[in-house]
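# What the coordinates show
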Amino acid sequence: MFLTDEHLCIVMEYANGGSLFSMVRQQRRLKESMARWFFQQLILAVDYCHKRGVANRDIKLENLLLHLEEGLPHPLLKMCDFGYSKADFRWGRW
């Protein structure tokens, strides 16, 4: 994260696999093993945010990015777009 004279900029790492929305639209459905893989990662991401006092209030397929990593059976899931998120500093470690 960094500030300019006019903007607060939030930067995240590059996800080279597009969005989960694009994948589902292209494939029409996911195999159970792949859906379970993504769901487990989503639960871990939400838990990570909640433990730090952040609630992402805009979780949808378009805001779940995929990163293709060599050696893994399926892409990694990355949650993005925290524009509507809510932070409660009493929860977190800030």
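Read on for an overview of the structure. No experiment lies behind these values; they were computed from the predicted model shown.

Let us look at the overall build of the chain. Scanning the chain for helices and strands turns up two helices and six strands. In the chain, the succession of helices and strands from N to C terminus is β-β-α-α-β-β-β-β. On the principal axes, the C-alpha backbone points of the chain span a range of 40 × 30 × 25 Å. When contacts within the chain are restricted to residue pairs at least 6 apart in sequence, long-range pairs at least 24 apart make up 66% of them.

Inspection of the entire model under this criterion finds four salt bridges. Here lysine 60 ties to aspartate 58 by a salt bridge, and the two come within 3.8 Å at their closest N and O atoms. Note on aspartate 58: relative accessible area 15%, which makes it buried.

Even without glycine at this site, arginine 28 takes up a positive phi of about 70°. Among the secondary structure elements, arginine 28 is positioned in the loop between α1 (20-27) and α2 (32-51).

For α2, spanning 20 residues, the distance from its first C-alpha to its last is 28 Å, which sits close to the expected 28 Å at 1.5 Å a residue. Where α2 is buried, its residues contact α1, β3 (54-55), β4 (64-67) and β5 (76-79).

Turning our eyes to something else, we now look at the packing of aromatic side chains. Counted under the stated rule, the structure contains zero aromatic pairs. If you follow arginine 52 out to its NZ or CZ, it ends over the ring of tyrosine 48, 3.8 Å from the centre.

To continue, consider the nonpolar core. Grouped together as the largest cluster of nonpolar side chains are 12 residues: Leu20, Met23, Met34, Phe38, Leu42, Val46, Cys49, Val54, Leu64, Leu66, Leu77 and Met79. Non-local contacts of cysteine 49, meaning those with residues more than four positions away in its chain, are made with Val54, Met79 and Phe82.

In this section: the pairing of β4. By the alternation rule, side chains of β4 split into Leu64 and Leu66 and Leu65 and His67, which are all buried. Where β4 lies against β5, four bridges are found, and the strand directions are antiparallel. If you follow leucine 65 over to β5, its bridge partner there is lysine 78.

Conventions and cut-offs
- Residues numbered from 1 in each chain as written.
- Predicted model: local features only at pLDDT ≥ 70, side-chain atom pairs only at ≥ 80, totals over all residues.
- Heavy atoms only, no water.
- Helix = DSSP H or I, 4+ residues; strand = E, 2+ residues; numbered from the N terminus.
- Contact = heavy atoms within 4.5 Å.
- Salt bridge = Lys/Arg side-chain N within 4 Å of Asp/Glu carboxyl O.
- Buried < 20%, exposed > 50% of the residue type's maximum accessible area, 1.4 Å probe, protein only.
- Expected span 1.5 Å × (residues − 1).
- Phe/Tyr/Trp six-rings, centres within 6.5 Å; stacked < 30°, edge-to-face > 60°.
- Lys NZ or Arg CZ within 6 Å of the ring centre and 35° of its normal.
- Core = buried A, V, L, I, M, F, W, Y, C linked by side-chain atoms within 4.5 Å.
- Pairing = 2+ DSSP bridges.

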